[in-house]
Amino acid sequence: MTEDKQWSLRISRSRRRDVSLRGGWECASLVRRVWRIALLLTMVVSVTTLAQAQQGGPPFTEPPRLCPKDNPNNPQNRVLDVTLETKLVDYTRADGTKKMKVRAYHIVDSSGWQYCDGQQRPIPNPLIPGPTFELRKGTSGKMDGDKFKMTLVNKLPVDGVGHECNPIRDFSRSVNVQPHEECNADKFPLVPMTMPACFHGDNITNFHFHGFHVSPQPHQDFVLLNLYPEGTPHVTPDDYHAVGSYQYELDPLSYSQPEGTHWYHPHKHGSTALQVLNGMAGVFLLTGPFDDWLNSQYTGSLEDKVLVVQQIFHETNFFSRIPPDSGSQFVKDCSSGSSTCTCKVTITFPFGSPTG
Ligand SMILES: [Cu+2]
């Protein structure tokens, strides 16, 4: 998926050459694994956080890491039960150049989860990126891992829920205008868009479990779901359509799950890129016996940091009826000496132009 390429950054470092000099493949493999895991131990940092760090802002902080509530009476039956809301929120880049509306996740405080470090504190909503969910897989059987339950609540605005293509103008290239004409959005061509390959249903969402083994059936990794915002009229709920909220419930994580760092994001066709690049994405950590072994090697001194590199890509809206609402301007250029002028949209990218 394209958004995956744009969004996720994995850091992996091969120690193959170093260890091969020492010989002993089995040992080398072990060493390599430790290093890879130590370096890969999940990471999330928003561009904002990096920029703040550069400007002497607050130190790096992880997204809140949520774990199942301990269940002393039945340690084999741990359930991480969360309510995740999607809302339209104000967002300003760290350098202050872009004020925008983005779609973002919120976690609702409830008794169905706890912070993984056991400390209680307020939830820093909105969460961009989303919260980290930490689950432990089973060790011996099919039903002894943690369970994950989630109520996904769509509180995005009701507008923009249609299944027509969003009308867009192509602001990516300059157009010719007469010297007496104004340079504005109307001068740019409307791009013909045909279903299904177009942006549509901006505020319809769903939830995709990326990277681990989850059934594609309804109430699990069911990416064919259309979850409409609360209050949407004229939608008849059925297997593929829900209004307001949807209840997810995964099978317990079996021993055959891959331990590691995975992620989640909306996967509603037509609005996935928009929602992911607004910041709706986060991490799933699946732990298991390998983590136990790894910790034993470091006698408890191993620190596990989650860092996510998340691009808040407002320029996705570049392909829209109107150009980006801040950091951009229409520029008319009549300097060529010909009878026509050029009109283009310039964008100020706070971290440099993506095209170099
Ligand atoms: Cu994905």
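Residues numbered from 1 in each chain as written. Predicted model: local features only at pLDDT ≥ 70, side-chain atom pairs only at ≥ 80, totals over all residues.

**Q** Tell me about the overall build of the protein chain, residues and numbers included.
**A** Of the regular secondary structure elements, the protein chain holds six helices and 19 strands. Long-range contacts, defined here as pairs at least 24 residues apart, represent 71% of the contacts in the protein chain between residues at least 6 apart. (Helix = DSSP H or I, 4+ residues; strand = E, 2+ residues; numbered from the N terminus. Contact = placed C-beta atoms within 7 Å.)

**Q** I'd love a proper account of the pairing of strand β6 (residues 132-136), names of residues and values included.
**A** The buried fraction of β6 amounts to five of the five residues, a majority that puts the element mostly inside the structure. In β6, alternate side chains face the same way, and those of T132, E134 and R136 on one face and F133 and L135 on the other are all buried. Pairing of strand β2 (residues 65-67) with β6 involves two bridges; the strand directions are parallel. In the sheet register, R65 faces β6, and the bridge partner there is T132. Examined bridge by bridge, β6 and strand β15 (residues 282-287) share four bridges and lie parallel to one another. (Buried ≥ 20, exposed ≤ 12 C-beta atoms within 10 Å, placed from the backbone. Pairing = 2+ DSSP bridges.)

**Q** Could you give me a rundown of the nonpolar core, with the residues and numbers involved?
**A** In terms of nonpolar packing, the biggest core is built from 46 residues, with L80, L135, L152, L227 and F284 touching the most fellow members. Among residues more than four places away in sequence, those in contact with L152 are L84, F207, L227, S245, Y246 and Y248. (Core = buried A, V, L, I, M, F, W, Y, C linked by C-beta atoms within 7 Å.)

**Q** Explain the sheet that holds strand β7 (residues 147-154) to me, and be specific about the residues and the numbers.
**A** If you trace the four strands from one edge of the open sheet to the other, you get β4-β3-β7-β13, paired in mixed fashion. Each of the sheet's edge strands pairs with one partner strand only, and the pair in question is β4 (99-107) and β13 (245-249). Direction aside, neighbouring strands of the sheet carry axes that sit 20° apart on average. Where strand β3 (residues 79-92) and β4 come together, nine bridges link them in antiparallel fashion. Looking across to β4, one finds that K87 is bridged to A104. (Axes fitted to C-alpha atoms, helices over the stretch in contact; angles between N-to-C directions.)

**Q** Account for the environment of V331, naming residues and giving values.
**A** Mapped onto the elements, V331 comes out in strand β18 (residues 328-333). V331 gets classed as exposed once you count the C-beta atoms within 10 Å, which come to 12. Sequence spacing of V331 and T342 is eleven residues, and the spatial spacing of their C-alpha atoms is 8.1 Å. Once you skip the residues sitting within four places of it in the chain, V331 turns out to touch C183, K344 and T346.

**Q** If you had to explain helix α6 (residues 289-297) to someone new, which residues and values would you point to?
**A** With zero of nine residues buried, α6 lies mostly on the surface of the structure. Positive backbone phi, at 40°, marks T299, one or two positions downstream of α6.

**Q** Give me the lowdown on the environment of I128, citing residues and values where you can.
**A** By secondary structure assignment, the location of I128 is in the loop between β5 (114-115) and β6. For the pair I128 and G282, spaced 154 residues apart in sequence, the C-alpha to C-alpha distance is 8.3 Å.

**Q** For the confidence of the model for the protein chain, give the residues involved together with the corresponding values.
**A** Model confidence for the protein chain is summarised by a mean pLDDT of 77, while 74% of its residues fall at 70 or above. When the elements of the protein chain are averaged for pLDDT, helix α2 (residues 16-22) gives the smallest value, 26, and β13 the largest, 98. (pLDDT = per-residue confidence, 0-100.)

**Q** Tell me what's going on with the sheet that holds β2, and back it up with residues and numbers.
**A** Spatially, the six strands line up as an open sheet ordered β5-β2-β6-β15-β14-β10, and their pairing is mixed. Sheet topology places β5 and β10 (208-210) at the edges, where each strand pairs with a single neighbour. In this structure, β10 lies alongside strand β14 (residues 260-265), joined through three bridges in antiparallel fashion. By the bridge assignment for β14, H210 is matched with W263.

**Q** Tell me about the pairing of β14, residues and numbers included.
**A** Pairing between β14 and β15: five bridges, direction antiparallel. The residue bridging G260 from the neighbouring strand is L286, located in β15.

**Q** Tell me what's going on with unusual backbone geometry, and back it up with residues and numbers.
**A** Note that the residue after N125, namely P126, is joined by a cis bond; omega there is -10°. Counting through the fold element by element, P126 comes out in the loop between β5 and β6. Cis rather than trans, the peptide bond between I128 and P129 has omega equal to -5°. With respect to the helices and strands, the residue P129 is situated in the loop between β5 and β6. Its identity as a non-glycine residue notwithstanding, H219 has a phi of 75°, on the positive side. Locating H219 in the fold gives a position in the loop between β10 and β11 (226-228). What makes H219 partly exposed here is the crowd of 15 C-beta atoms within 10 Å. In this model, H234 sits at a positive phi of 65°, which is unusual for a non-glycine residue.

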